[in-house]
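# Overview (structure and organization)
Listed below are the residues making up each chain.
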Amino acid sequence: MIKKSKILISLIITILAIVLVSGSIFFYSFLIPNVRTNDRDLFVYIYPNHTVNQVINEIDKIAKIKNHFTFNLVAKALKYTDGKVRAGRYEISDGMSNLTLIRKLRNGEQTPVKLTFNNIRTKEQLAVRLSEQIIADSLSIITLLNDTNYLKPLNLTPETAITIFVPDTYQMYWTTDAKSLFQKMEKEYHAFWNEQRLTKAKQIPLTPQEVVTLASIVEEESRYQPELSTIAGLYINRLRKGMKLQADPTLKYASLDFKAQRLVESHIKVDSPYNTYHVYGLPPGPIRIASKNAIDAVLNYAHCDYLFMCAKETFDGTHNFEVSYTEHLKNARRYQQALNQRNIK
């Protein structure tokens with residue numbers, strides 16, 4: 001009897017030991033910190049069709065999974081397997097447990113990106129800048145920017161397509177594709193072009209796309225904010241009088257010579273619908289992505305009589321504005337002399 005009791009006690013102890021060891025393994029595998037990032041929050045990018053092993057490799061590129069065995073153990077327990085990997089941009093923190101990390105990956109708990117774009121002149125630059133921030137590649141973006149059939153329901157053309165991109169900081173998921181991006185931008189575009197702005201545009205009168213086109217020229221003319229509404233008023237005066245805009249920034253755009261410090265005869269002779277020294281009215285589309293400030297400067301243009309402007313010979317970024325062409329020529333001569341003195345060619 002005593003012998004049987006000893007056997008029973010021994011069996012119970014063995015079972016308890018197994019349970020204890022199993023519990024320890026469970027605790028260790030699920031809850032013990034298994035990610036090292038050197039006290040930094042990092043982001044791992046998981047692409048469509050990645051396997052679990054590829055996920056581990058991507059994490060190990062930026063951080064370190066200390067124990068791959070326990071990671072795989074918990075992944076199987078949580079049914080995070082090949083075919084169930086969800087693409088996305090995921091934040092990885094120092095000391096994360098397998099349970100926390102795998103739940104985040106399995107549930108697709110992405111951290112949004114803060115999408116920004118500014119100082120953009122061409123569609124190609126825009127496509128590249130956007131593709132650096134979301135999964136959509138530049139080719140898919142530029143394809144939509146040039147797709148007449150896709151743009152037509154949006155009342156856009158390949159020339160005006162970039163007007164739908166109003167510069168700001170937008171939160172969206174890294175997995176956003178090109179069409180989803182356009183849908184987001186269209187929504188934000190309509191939010192920006194509220195009833196008040198639309199009314200002001202009609203009073204000029206210009207369409208929103210034309211306002212943005214003019215704003216792009218105004219912004220290229222000056223980085224000095226207090227001048228923007230005056231420059232806008234000057235160009236609106238020229239449009240109303242049927243004069244050519246003769247905006248120097250359009251020559252740079254037409255010739256793709258954005259670094260030119262001095263415009264010469266070869267710039268003026270460029271055959272392009274964007275060359276406002278040749279064509280009347282606005283060019284067919286913006287020469288850059290215009291900022292909100294520049295757009296509002298056009299909508300709230302200065303009611304002035306100016307028809308001419310010339311950069312000041314002080315090179316401080318400001319301009320001389322004139323009603324008289326004779327006075328404008330005097331300003332232009334002083335500016336040309338200043339260029340010569342500085343040997344700017």
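Here the structure is a predicted model, which means the values were calculated and not measured. The residue numbers shown here count from 1 along each chain, following its written sequence. Totals for whole chains, interfaces and linings use all residues, but because this is a predicted model, local features are given only for residues with pLDDT of at least 70 and pairs of side-chain atoms are given and counted only at 80 or more. Hydrogens are left out, water is left out, and the side-chain values use all remaining heavy atoms of the structure.

Right, let's talk about the pattern of salt bridges for a bit. Here, a salt bridge means any Lys or Arg side-chain nitrogen found within 4 Å of an Asp or Glu carboxyl oxygen. Taken as a whole and judged by the stated rule, the model has ten salt bridges. Across the pair arginine 223 and glutamate 220 runs a salt bridge, and its minimum N-O distance is 3.6 Å. Each residue is placed in one exposure class: buried if its accessible area under a 1.4 Å probe, protein chains only, is under 20% of its type's maximum, exposed if it is over 50%, and partly exposed if it falls in between. Given the relative accessible area of 17%, glutamate 220 is considered buried. When salt bridges that share partners are traced, they join Arg121, Glu219, Glu220, Arg223 and Arg288 into one network.

Topologically, lysine 104 is positioned in helix 4 (residues 98-107). For lysine 104, the residues in contact, after removing those within four places along its chain, are Tyr90, Glu91, Met96 and Glu109. Segments assigned H or I by DSSP are reported as helices when at least four residues long, segments assigned E as strands when at least two residues long, and all are numbered from the N terminus. Residue contacts are counted whenever heavy atoms from the two residues lie within 4.5 Å of one another.

So, on to the confidence of the model for the protein chain. Confidence scores here are pLDDT values: one per residue, from the predictor, ranging 0 to 100. Here the protein chain averages 91 in pLDDT, and 92% of its residues register 70 or above. In the predicted structure, residues 11-24 sits below a pLDDT of 50 and forms zero contacts with residues beyond four places in sequence or in another chain.

Below, the discussion takes up the environment of cysteine 304. Along the chain, cysteine 304 falls in the loop between helix 14 (292-299) and strand 7 (308-311). Residue contacts for cysteine 304: discarding those within four places in its chain leaves Thr230, Gly233, Leu234 and Asn237.

This paragraph deals with the environment of glutamate 124. As for its position among the elements, glutamate 124 is in helix 5 (residues 123-131). Residue classification places glutamate 124 among the partly exposed residues on the basis of a relative accessible area of 46%. In this structure the C-alpha to C-alpha distance between glutamate 124 and histidine 50, which are 74 residues apart in sequence, comes to 29 Å.

Two aromatic rings from Phe, Tyr or Trp, using only the six-membered ring of Trp, form a pair when their centres are within 6.5 Å; if the ring planes differ by under 30 degrees the pair is stacked, by over 60 it is edge-to-face, and anything between is tilted. Tallied over the entire structure, the rule returns 13 aromatic pairs. Geometrically, the ring pair formed by tyrosine 189 and tryptophan 193 is tilted, given 6.5 Å between the ring centres and 50° between the ring planes. Assessed through its relative accessible area of 5%, tryptophan 193 is described here as buried. Arranged with centres 5.5 Å apart and planes meeting at 40°, the rings of phenylalanine 315 and tyrosine 335 form a pair that is tilted. Placement of the pair is phenylalanine 315 in the loop between strand 7 and strand 8 (319-322) and tyrosine 335 in helix 15 (residues 325-341), with a sequence separation of 20 residues. Any Lys NZ or Arg CZ that is within 6 Å of a ring centre and within 35 degrees of that ring's normal is treated as a charge sitting over the ring. Over the ring of phenylalanine 43 we find arginine 89; its NZ or CZ atom is 3.7 Å from the centre of that ring. A cation over an aromatic ring shows up here: arginine 197 above the ring of phenylalanine 192, its NZ or CZ 3.9 Å from the ring centre.

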